Structure formats: C-alpha cells, structure tokens
Amino acid sequence: MPVGKYRSRIEIIYDILNSIDPIKGSRPLKITSRANLCGNVRQSYLGDVIDLGLVNVEKVNGHRIHTITDKGFVFIKYSNILRQLVKEDEYEQERINRR
C-alpha cells in the first residue's frame, strides 16, 4: 500500500484476519504489529471482528489468544476474490489506456 493512503474499514479487518496465525491463533500485540495498527485502533477493531463473529478469543496459559472462525475464513476467501477482480480490472484499464 502506498505511503499516506488510508485503509478502509474492510481493508483493516482483512489485515487483522491475515495477521492471525490460522493454526494456533495470535496474541493481541502480535496482531497489532502484523496488521500495522496502533493500540487504541486495535482494541476497537478487535472488538468489531469479535462482535461480527470473525474471531474468537480464548484464554490459553493466562494469555488471550485470538483465533479465526469459519466465518472469518470465508471473509478472507471472498476478500481475496474481490481483490483479484479489482486487480484484473485495473490491469485491463491500464492496457486500454496504453493504446
């Protein structure tokens, strides 16, 4: 993503889901660094993805571990499809503009 470009809410949720280890889950600070979020934004968005049913929170050895739900994996799948369609459309527009 270009420097200075703001991410949409959907892009941030997508980045959060992709920052969570799909097998063993991730702790909040790991999600923050991988999704490139500051702490207060992380809290807000983690609450949102939990409320939307995209992520579960479990206590493991005294630590909060966030795991992706089936609904979260579906969100990632369809987001990837949409990103590919947009990428193909942008490529086609560039090709047309070069003529």
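1. Description of helix H3 (residues 39-51)
Spanning 13 residues, H3 covers 18 Å between terminal C-alpha atoms, matching the ideal 18 Å at 1.5 Å per step. Looking at the packing, one finds that the buried side of H3 touches helix H1 (9-19), helix H2 (28-34), strand S1 (55-60) and strand S2 (63-68). The positive-phi residue at the C-terminal boundary of H3 is Gly 53, with phi of around 80°.

2. Some remarks on the side chain of His 66
Here His 66 lies in strand S2. Not counting the four nearest positions on each side in its chain, His 66 is found in contact with Ile 20, Gly 25, Ser 26, Pro 28, Ile 31, Leu 46, Ile 50, Val 55, Asn 56 and Val 57.

3. As for unusual backbone geometry
One non-glycine residue, Asn 36, lies in positive phi territory at about 55°. By relative accessible area, Asn 36 is classed as exposed at 62%.

4. A few points about the confidence of the model for the protein
Interpretation of the predicted coordinates at a detailed level should be avoided for regions scoring low in pLDDT. Averaged over the protein, the pLDDT score is 89; the fraction of residues at 70 or greater is 93%. Here helix H4 (residues 70-97) stands out as the least confident element of the protein, with mean pLDDT 86; S2 is the most confident, with 96.

5. Considering the environment of Glu 88
For Glu 88, the location among the structural elements is in helix H4. Measuring from C-alpha to C-alpha, the distance between Glu 88 and Arg 42 comes to 31 Å, with 46 residues separating the pair along the chain.

6. Some thoughts on the side chain of Thr 69
Relative to the helices and strands, Thr 69 resides in the loop between S2 and H4. Exposure remark for Thr 69: the relative accessible area of 12% places this residue in the buried category. Apart from the residues within four sequence positions on either side, Thr 69 is in contact with Gly 53, Leu 54, Val 55 and Asn 56.

About the thresholds
- Residues numbered from 1 in each chain as written.
- Predicted model: local features only at pLDDT ≥ 70, side-chain atom pairs only at ≥ 80, totals over all residues.
- Heavy atoms only, no water.
- Helix = DSSP H or I, 4+ residues; strand = E, 2+ residues; numbered from the N terminus.
- Expected span 1.5 Å × (residues − 1).
- Contact = heavy atoms within 4.5 Å.
- Buried < 20%, exposed > 50% of the residue type's maximum accessible area, 1.4 Å probe, protein only.
- pLDDT = per-residue confidence, 0-100.

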